[in-house]
Amino acid sequence: MIVPGCRRRFLFKLNPKTTKKISAPYFVRNTMSESDQDPGFTRPRLVAKKVLAKLQHEGDGAVVRRGIGRTELRRLDPFLMLDDFSVSPPAGFPDHPHRGFETVTYMLQGGITHQDFGGHKGTIYAGEVQWMTAGRGIIHSEMPAGEGVQRGLQLWINLSSADKMIEPRYQELSREDIKRAEKDGVEVKVIAGESMGVRSPVYTQTPTMYLDFALKPRAQMHQSIQESWNAFVYIIEGEGVFGIPNSSPVSAHHVLVLSPGDGLSVWNKSSKPLRFALVGGQPLNEPVVQYGPFVMNTQAEIDQTIEDYHHSKNGFEKAKYWRSQ
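No experiment lies behind these values; they were computed from the predicted model shown.

What the protein chain contains, in helices and strands, is 1 helix and 27 strands. Of all 325 residues assigned to the protein chain, the portion counted as buried reaches 57%. Contacts in the protein chain between residues far apart in sequence, at least 24 positions, make up 74% of those at least 6 positions apart. If you sum the accessible surface of the protein chain, you get close to 13,100 Å²; carbon and sulfur atoms cover 51% of it.

Under the definition given, this model contains 12 salt bridges. For the salt bridge of aspartate 83 with arginine 66, the shortest nitrogen-to-oxygen distance reads 2.8 Å. Of this pair, aspartate 83 sits in strand β5 (residues 79-87) while arginine 66 sits in strand β4 (residues 62-68), and the two are 17 residues apart along the sequence. On the accessibility criterion, aspartate 83 (0% relative accessible area) is buried.

Further remarks concern the sheet that holds strand β7 (residues 101-109). Two orientations exist for strands paired in a sheet by backbone hydrogen bonds: parallel and antiparallel. Read across the open sheet, the 7 strands follow the order β3-β4-β5-β12-β7-β10-β13; overall the sheet is antiparallel. Among the strands making up the open sheet, the edge pair consists of β3 (54-58) and β13 (169-173). For this sheet, the mean inter-axis angle between neighbouring strands, taken without regard to orientation, is 25 degrees. Two elements, β4 and β5, share 5 bridges in a ladder whose sense is antiparallel. Residue pairing for β5: valine 64 is matched across the bridge by phenylalanine 85.

Across the junction of aspartate 77 and proline 78, the peptide omega takes the value 10 degrees, indicating a cis bond. Secondary-structure assignment places proline 78 in the loop between β4 and β5. Of note, aspartate 184 is a non-glycine position whose phi angle comes to about 50 degrees, a positive value. With respect to the helices, strands and loops of the structure, aspartate 184 is situated in the loop between β14 (179-183) and β15 (186-192). A positive phi angle, near 75 degrees, is found at arginine 218, a position not held by glycine. By secondary structure assignment, the location of arginine 218 is in the loop between β18 (208-215) and β19 (220-224).

Right, let's talk about the nonpolar core for a bit. With 28 residues, the main nonpolar core has Leu155, Tyr210, Phe232, Tyr234 and Val255 as its most contacted residues. Looking at this core, the elements with two or more residues in it are β5, β7, β10 (129-133), β12 (150-158), β15, β20 (230-237), β23 (254-258) and β25 (274-281). Each residue touching phenylalanine 232, except ones within four places of it in the same chain, is listed here: Ile68, Leu76, Phe79, Leu82, Leu155, Val255, Leu256, Val257, Leu258, Ala277, Leu278 and Val279.

Let's shift gears to the UniProt feature "binding site: Fe cation" (unreviewed entry) in the protein chain. UniProt feature "binding site: Fe cation" (unreviewed entry): in the numbering of this structure it lies at His96, His98, His140 and Glu142. A maximum C-alpha distance of 13.0 Å among these annotated residues, which run over 47 residues, shows that they cluster at one spot. When you line up the elements, histidine 140 lands in strand β11 (residues 138-144). According to the relative accessible area criterion, histidine 140 is buried, its value standing at 0%. Looking at the secondary structure, you find glutamate 142 in strand β11.

Rules and cut-offs
Here, residues in each chain are numbered from 1, in the same order as that chain's written sequence. Only residues with pLDDT of 70 or above have their local features reported here, since the model is predicted, and side-chain atom pairs are shown and tallied only from 80 upward, although totals for entire chains, interfaces and linings are computed over all residues. Side-chain descriptors were evaluated using all non-hydrogen atoms of the structure, hydrogens and water having been removed beforehand. Secondary structure elements follow DSSP: runs of H or I of four or more residues count as helices, runs of E of two or more count as strands, with numbering from the N terminus. Each residue is assigned to one of three classes by its accessible area relative to the maximum for its type, calculated with a 1.4 Å probe on protein chains only: buried under 20%, partly exposed between the two thresholds, exposed over 50%. We call two residues in contact whenever any of their non-hydrogen atoms come within 4.5 Å of each other. All accessible areas in this document rest on Shrake-Rupley with a 1.4 Å probe, and a residue is counted as covered only by the protein chains that are shown. Here a salt bridge means any side-chain nitrogen of Lys or Arg lying within 4 Å of a carboxyl oxygen belonging to Asp or Glu. Two strands form a pair only when DSSP identifies at least two bridges running between them. Each axis is a line fitted through C-alpha atoms, taken for helices only over the stretch in contact, and angles between the N-to-C directions span 0 to 180 degrees. Buried residues of nine kinds, namely Ala, Val, Leu, Ile, Met, Phe, Trp, Tyr and Cys, make up a nonpolar core once their side-chain atoms join them within 4.5 Å. UniProt positions are given in the numbering used here, feature names are shortened, and annotations may be inferred rather than shown by experiment.

This is the structure in structure tokens:
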């Protein structure tokens, strides 16, 4: 399916010989008393823009809430798309191609079975992650692994012009592989980057942090962010106060684009749990030309990609005969 919202997944265990530390600094200070509001940031990040991720149909009968990749927020360099997707059998995301970017699939409920034309097949379940670098080309399918609603987040991360035609590769984190820490009513799962002194083993081709925070009622947290990076929040559940303690609370399904700065503070002043993803990345500052699931730097490169796909060449050689099961 050649549209911006198709999604993807593949299965390989992490290879310790190829994973590297991400070069951006991360550190978190946790909850503090209501009288101690100074997290030590030189330039605290505030909410610069708020976008509601609205429901739309995608794939073959699936429903997504698209927060990035819509009219109100076309992209946030290096991020191309963020979908909060829900899919139930027989709906799904049948065979579709990709080139020029990375996809991160983080399951929140149920599971998704994926397979690709390289012979890779597997399933990721709630709390598990697949980080796919599509590079020069891949074709795959993603279908629900069981009955009922399967829900997850999928993030598209752009690749630099130097990396767009690299060979595809895949990293997978099981629930046991995802590092986590907890203190004073704050829990973090570290998908990429570092928080509360723990670091993810995931190697990100485009330097990225991806943190899943859960705050109990009355808890607060303070997370450092690389100052030169763009960053955003996606609220998965509940409502929270972001940036400064006297700002208005924001509810679930909103994307919050953060202003420049060196850290973010969050308060849960409600009586219910708050869960959100905090994502940041190094901007590429390069031109973006997108045609559905193909993302390159020029129209000529897009034209070449379409030709490669239709003629099964330059990375799409296996597309001619492959069909998912």
